[in-house]
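Structural features, examined
The lines below spell out each chain.
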Amino acid sequence: NFDGDTGDSENGNLDGLEFRREDTEIEPELLLDSITNMINLLSSSKLFKLQWNICISFSYLLELKSFVLFCQQSSPNNSSSEKLLDKIFFAVLKLFCSSENHKVQSYAIFTICSICDLSFFDDKFEHLWPSIVDKFCQDFNSVPLHSKQSWIDKYCFSLERVLQHFIFRHSDVNKRENAVL
C-alpha cells in the first residue's frame, strides 16, 4: 500500500512515501503449483541465469521455517510418496552435481545449505556431504579467477553449515548417551 502521505520512519516513510506491509495469505494450491513449476524448470531448463535465479529464490524461501514446514507436509499432485521438500532437495542437488556452470553450482549448494534447519535433511546427509566435497575438488581449478572468490565463499558457507550441524548434532547425542551411562 503506497500513498503520497508523509509519515515518520517508524511507519515506513521512505523519501516522503508511506508504505505499510499488510499480512497476506497465499492459497496453498497456488504456492504448491508455483514451487512445482520452479522445480520443473530447474530440471528442464538449460538457461543458467534462470537456474541460478530459481536457486536464489529457493535459498530465501528455505530460510523461512513456515515455508519448509509447508513443503515438508505437502506433496505435488497429492501423492504421498514424495514430499515437496524432498523434491526441492533432489532437484537442486541434481543441478549442483550435473551443471557445468560454476555459478549455478555454487548457488545450488548454497540453496540447499540455506535451509532454516539442516535437520530437515538429516536423512540426506549421505548424498550431501560427498557431493559437496567431490564437486569442490573436481571443479576448483576450472572456475575462472574473476568468479573464484564468490564460488569459494558459497562452498565454504555450505561446508561450514553441514559440518557444524552434523558434528554438533552428533556431539550432543554422544553427550546425552554418556550422561545416561
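Now for a quick tour of the structure. Small disclaimer: the values here were computed from a predicted structure and weren't measured. (Residues numbered from 1 in each chain as written. Predicted model: local features only at pLDDT ≥ 70, side-chain atom pairs only at ≥ 80, totals over all residues. Heavy atoms only, no water.)

1. Some remarks on the pattern of salt bridges
Opposite charge on two side chains lets them pair, provided their charged atoms get close. Throughout the structure, instances matching the rule amount to 4 salt bridges. Notably, a salt bridge pairs lysine 87 with glutamate 82, separated by 3.7 Å at the nearest N-O pair. On the accessibility criterion, lysine 87 (28% relative accessible area) is partly exposed. With a closest N to O distance of 2.7 Å, lysine 124 and aspartate 86 form a salt bridge. On the criterion of sequence distance, the pair formed by lysine 124 in the loop between helix 5 (102–113) and helix 6 (125–139) and aspartate 86 in helix 4 (residues 84–98) is long-range, its members being 38 residues apart. Neither residue differs from the other here; lysine 124 and aspartate 86 are each classed as buried. (Salt bridge = Lys/Arg side-chain N within 4 Å of Asp/Glu carboxyl O. Buried < 20%, exposed > 50% of the residue type's maximum accessible area, 1.4 Å probe, protein only. Helix = DSSP H or I, 4+ residues; strand = E, 2+ residues; numbered from the N terminus.)

2. Considering the packing of aromatic side chains
Applying the stated criterion to the full structure yields 9 aromatic pairs. Geometrically, the ring pair formed by phenylalanine 96 and tyrosine 155 is tilted, given 5.9 Å between the ring centres and 50° between the ring planes. Of this pair, phenylalanine 96 sits in helix 4 while tyrosine 155 sits in helix 7 (residues 145–180), and the two are 59 residues apart along the sequence. The interplanar angle of 15° and the centroid separation of 5.2 Å between the aromatic rings of phenylalanine 136 and tryptophan 151 together place this pair among those described as stacked. Residue phenylalanine 136 is located in helix 6, and its partner tryptophan 151 is located in helix 7; the two are separated by 15 residues in the primary sequence. When the ring centre of phenylalanine 140 is taken as origin, the NZ or CZ atom of lysine 148, which lies over that ring, is 4.2 Å away. (Phe/Tyr/Trp six-rings, centres within 6.5 Å; stacked < 30°, edge-to-face > 60°. Lys NZ or Arg CZ within 6 Å of the ring centre and 35° of its normal.)

Shape descriptors only; they carry no functional weight alone.
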